[in-house]
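Observations on chain architecture
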Amino acid sequence: MAPLFAGWVEQCRALLQNRSAPPLWQPYRMLRKLFHKEATLANHASWLFRGAPYVVFAAMVLAAAITPSLTTELPAARVADAIALVGLFATTRVFMALAAMDIGTAFGTLGARREMMIGFLTEPALLMVLFNGSLMAGTTALPAIVQDTLAQSHVTLHPSLAFAALAFVMVLLAENARLPIDNPSTHLELTMIHEAMVLEYSARHLALIEWASWLKLFNYACIGFALFAPWGIATHGVSLGGTALAMLALVAKLAVAGAALAYFETTSAKLRLFRAPEFLTMAFLLAVLGLLVHLLLKA
Amino acid sequence: MSLEPIALEGSRLAANVPAQHRVVDADQWTAAARQLHDAGARLLTLWGADDRDRDGVFRVFAAYLLPGRALVLELALAAGDPTYPSLEPWFPAASRLQRATRDLLGLGAGEGDTRPWLRHGGWPEDRFPLRRDVSAETHVPGVPGPYPFVRVNGDGVHEIPVGPIHAGTIEPGHFRFSVVGEKVLRLEERLGYTHKGVAKRFEALPLLEGHRLAARVCGDSAVAFSWAYCAALEAATGATVAPRATCLRALALERERIANHLGDLGALGNDAGLAFGLSQFSAIKERMLRLNQNVFGQRYLMDYIVPGGVRSDVGPRLVRPLLDEATDVERDVVALKAIYDEHAGLQDRFKGTGQLAPLTAKAMGALGLAGRASGIDLDLRVAMPWAPYGDLRPHGVLSMDGDVAARVQVRFDEVMESLRLNRLLLEQLPHGATSVSIPALGSRTTGLGLIEGWRGPVMVALEAEVPSVIRRCHVHDPSWQNWPLIEHAVTGNIVPDFPLINKSFNLAYSGHDG
């Protein structure tokens, strides 16, 4: 599902740029290709470098398991809440950065350095966004937040959520190495952030990392839906009809979100690296504003 | 050392532009350099020749650009001690040219940087491939040696080595950054990875085939290099090219300029993360290249310019599509320029990035497009127009800002000006022959071809001998002058802005390495 979403975003981007688009299943082909290749490792790569892709991938799968994308009846959701989710993202970041530095190339370190800078700015913003939802529902468990929102009989537009949603989109762009913070399709090694860290990876390791980064984008999209547009997610037990409906709703929401992401990426240029903190502080500010609006105005 | 001022005049040199030639001794060589520097002349290029088989000496030549003319100084060097006074104190651009001349011919400049430039250990230090007694056929084992980069010391300073193999499919060059955090304190380039021995190859070619090699010195400037070669050859042999042929050559040169500028404008957008720009500009460029294929028989106009004229005529049926295309290109470029100008994110990346102050540009001897973006008002089409530019009266483009935005602006303006010339040429295409035959060579002769390519002045110095063979051919790309500018432009900027700055200059690797 996640590679399909990545494929869809690529397709929208290509269409908007007047290019002929790669097929929707291109990411799957990519994975197949990479899994069939022989892995090349640097001579002085330690266990950290080899192990990091597995850790990162596992963390992303776990994150997917606690994000209510189809249903709120998640087996894993009982043990982990929204804060744990942020923790999982942080874990992947730390491992990626360590692995990048482990190999000792200038680019790995460069990427790791920039990633940590972005990371320590996005995490608080993300937490604030999640707290927004939590305060409303009175719990940090994501499924409960979804249930709470869905339980409201009428659709109300919460100003606090609007602030939070905006902040969330900004965090999503920064966290997933999209424009305007990073350029996912660049070949200029000096401008890279995420790509610089994975330059030394090949074959199955690279496949896992790519897959993990698609999963990350997918997870972020699902968290966004859960917080701000949970309609369609099955709430009462696991029924075939409910899940099918939720599936349809998810596909529709992903399609819209993917197209919007592609549109935004096509029309904006990359920010100068040192403008990124301004962008992210803005996200944090918006999230805090959302919180204040909720606390002070009860809106 | 003589401090007497020397006359900066000489005998007429066969060339497509006003050019003079003067033989000097070592003292005059130095005195002339000082005088030329004070007079605001620019060093265009420096090269050597092995004439030991003819009169027992080596020769070193320096070509200068003065207002309205070129001046070539010639200095003979004893075979036993082939050293000459360095020009570096007055012309910083001489440094790399002198290092390359030593690598290829063993002619040493008195002082300055003694590290090799083109020799990357591909041949031993005591072997000089361009000497006439060294055969191009013999294989020599490589002897890689260390290459000490200038180190920057200090708290928190570290180096980032980049290239010669890059993350994308681009040409090889090594860039050594000394940085603090993301800020660039110093950049040192190392080039020469694409040295192919073009000069040596020329010496094995018949006179009438050299234009084909010249066109391949730097693929994106095929027209400029082959025209410069043909101009040198025609000047040397005294051939006069028909007006129709010169107009068709100018048409090809302007099309090359437009196509390259469009490609760069797209790539600059892309490097700032705006992929939309790349796809739009690439589409326009591709349309031009396809029309090139139809009209001129080759997408990049390779081998269209031949000694004596052009390869094929542009018939009346083909003029219409070319004019229509010019209208289309102009409309699209105007629309895209509006988008670039109004895109806040793009302008934020362009403005103030990679600033090259006019004073620095002047001191470093900047040439061509990069120079014109930093206030160096020199366009050979305007300054010393050769046929047919005298009649066309092109307008020079100039900007004083010297940043990426200025180089983008100069490209946009030059595209519009070239489109105007393009239309003018097509509408007033004279009738007549498109090719004349080159007279047979009576004796040893020399010629100079100087053409304003899209990057800047491209020069070919040709020495021909009986029976119609090339004795020595020196080709010069303006990238020699402009590569060191990037080292200055990038200082104080942040590392992730380097690709954008580099692209805004878009200098040649192949044309430089030779």
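Residues numbered from 1 in each chain as written. Chains lettered and ligands numbered in written order. Predicted model: local features only at pLDDT ≥ 70, side-chain atom pairs only at ≥ 80, totals over all residues.

**Things to note about the overall build of chain A**
- Regarding its fold elements, chain A presents eleven helices and zero strands.
- Mapped from its N terminus to its C terminus, chain A presents α and β elements in the order α-α-α-α-α-α-α-α-α-α-α.
- For 299 residues, the compact-globule estimate of 2.2 N^0.38 gives 19 Å, and the C-alpha radius of gyration of chain A, at 19 Å, lies within 12% of that figure.
- Scored against the burial criterion, the 299 residues of chain A give a buried share of 48%.
- For chain A, the proportion of contacts with a sequence separation of at least 24, taken over those separated by at least 6, is 79%. (Helix = DSSP H or I, 4+ residues; strand = E, 2+ residues; numbered from the N terminus. Rg over C-alpha atoms; globule rule 2.2 N^0.38 Å. Buried ≥ 20, exposed ≤ 12 C-beta atoms within 10 Å, placed from the backbone. Contact = placed C-beta atoms within 7 Å.)

**Brief notes about the packing of helix 15 (residues 404-427) of chain B against helix 17 (residues 498-505) of chain B**
All names here are of chain B.
- At a minimum axis separation of 9 Å, helix 15 and helix 17 run at an interaxial angle of 30°. In terms of axis orientation, helix 15 runs roughly parallel to helix 17. Judged by the twist between their axes, the crossing of helix 15 over helix 17 is left-handed. Across the interface between the two elements, V404, R407 and V408 of helix 15 pack against L500, I501 and S504 of helix 17.
- Of the residues assigned to the contact of helix 15 with helix 17, the class counts are four nonpolar, one polar and one charged. (Axes fitted to C-alpha atoms, helices over the stretch in contact; angles between N-to-C directions. Parallel < 35°, antiparallel > 145°, perpendicular 65-115°, else oblique. Left-handed = near helix turned anticlockwise from the far one by under 90°. Nonpolar A, V, L, I, M, F, W, Y, C, P; charged D, E, K, R; others polar.)

**What to know about the domain arrangement of chain B**
Residue and element names in this part refer to chain B.
- Here the domain parsing of chain B yields domain 1 (11-105), domain 2 (157-190) and domain 3 (198-429 + 440-509).
- Averaged C-alpha coordinates put domain 2 and domain 3 at centres separated by 27 Å.
- Across the contact, 13 residues belong to domain 2 and ten residues belong to domain 3.
- Its residues assigned to classes, the side of domain 2 that touches domain 3 shows six nonpolar, one polar and six charged. (Domains from an automatic or database assignment.)

**With respect to helix 1 (residues 2-16) of chain A**
All names here are of chain A.
- Taking 1.5 Å of rise per residue, 15 residues should cover 21 Å, and helix 1 covers 21 Å from first to last C-alpha, within 8% of that figure.
- Of the residues making up helix 1, those classed as buried are A2, P3, F5, A6, G7, W8, V9, E10, C12 and R13.
- Where the residues of helix 1 are buried, they touch helix 2 (26-36), helix 9 (203-228) and helix 10 (240-267). (Expected span 1.5 Å × (residues − 1).)

**Things to note about the sheet that holds strand 1 (residues 11-12) of chain B**
Residues and elements named next belong to chain B.
- Judged by pairing direction, the sheet is mixed, and its five strands sit side by side in the order 1-2-5-4-3 without closing on themselves. Across the chains shown, the open sheet's two edge strands, defined by having one partner strand only, are strand 1 and strand 3 (42-51).
- Pairing between strand 1 and strand 2 (residues 19-24): two bridges, direction antiparallel. By the bridge assignment for strand 2, S11 is matched with H21.
- Docked against the sheet, helix 3 (residues 94-105) engages strand 3 and strand 4 (57-66), running at close to 10° with respect to strand 3. (Pairing = 2+ DSSP bridges.)

**What about unusual backbone geometry?**
Residues and elements named next belong to chain B.
- The linkage connecting G163 with the following residue, P164, adopts the cis geometry, with an omega of 10°.
- Summarising the element assignment, P164 is placed in the loop between strand 8 (157-162) and strand 9 (174-180).
- For the peptide bond that leads from A387 to P388, omega is 5°, which places it in the cis range.
- Looking at the element boundaries, P388 is found in the loop between helix 13 (380-383) and helix 14 (389-392).

**Here we look at the nonpolar core**
- Residues A167 of chain A together with A70, F225, A228, A232 and L448 of chain B are the most contacted members of the largest nonpolar core, which totals 251 residues.
- For this core, the element with the highest residue contribution is helix 9 of chain A, accounting for 17 residues.
- Excluding residues that lie within four positions of it along the chain, L448 of chain B makes contacts with L13, A14, A15, A19, A70, V72, A232, A235 and A461 of chain B. (Core = buried A, V, L, I, M, F, W, Y, C linked by C-beta atoms within 7 Å.)

**Some points on helix 1 (residues 26-38) of chain B**
All names here are of chain B.
- Its 13 residues give helix 1 an end-to-end C-alpha distance of 19 Å, which sits within 8% of 18 Å, the value for a rise of 1.5 Å per residue.
- Restricting attention to buried positions, one finds in helix 1 the residues T30, A32, A33 and L36. In a view along the axis of helix 1, the buried residues occupy a sector of 160°, so they form one face of it.
- At its buried positions, helix 1 is contacted by strand 2, strand 4 and strand 5 (69-78).
- In the stretch just after helix 1, G40 is the one whose phi turns positive, near 85°. (Arc of directions from axis to C-beta.)

**Let's talk about the pairing of strand 14 (residues 457-465) of chain B**
All names here are of chain B.
- Strand 14 sits mainly inside the fold: eight of its nine residues count as buried.
- Connecting the antiparallel pair strand 13 (residues 445-452) and strand 14 is a turn made up of four residues, with G456 showing a positive phi of about 155°.
- Pairing geometry for strand 14 and strand 15 (residues 469-476), over seven bridges, is antiparallel. Looking across to strand 15, one finds that L462 is bridged to C473.
- Counted between consecutive antiparallel strands, the loop separating strand 14 from strand 15 contains three residues, among which S468 sits at a positive phi close to 50°.

**Points about the sheet that holds strand 15 of chain B**
Residue and element names in this part refer to chain B.
- What the three strands build is an open sheet, ordered 13-14-15; its pairing is antiparallel. Looking at which strands have only one partner, the edges of the open sheet turn out to be strand 13 and strand 15. When strand polarity is set aside, the average angle formed by the axes of neighbouring strands in this sheet is 15°.
- Pairing between strand 13 and strand 14: eight bridges, direction antiparallel. Across the sheet, residue T445 finds its bridge partner in strand 14, namely A464.
- Packing of helix 6 (residues 222-237) onto the sheet brings it into contact with strand 13, strand 14 and strand 15, and relative to strand 13 it is tilted by some 145°.

**Focus on the interface of chain A and chain B**
- Of the residues lining the interface, 23 residues belong to chain A; the matching set on chain B comes to 26 residues.
- Per-class residue counts for the side of chain A that touches chain B are eleven nonpolar, eight polar and four charged.

**Here's the deal with the environment of A249 of chain A**
All names here are of chain A.
- Considering the arrangement of structural elements, one finds A249 in helix 10.
- On the basis of neighbour counts, which here come to 18 C-beta atoms within 10 Å, the residue A249 falls in the partly exposed class.
- Sequence separation between A249 and L88 is 161 residues, and the spatial gap between their C-alpha atoms is 26 Å.
- Sequence-distant contacts of A249, defined by excluding residues within four places in its chain, comprise W231 and G232.

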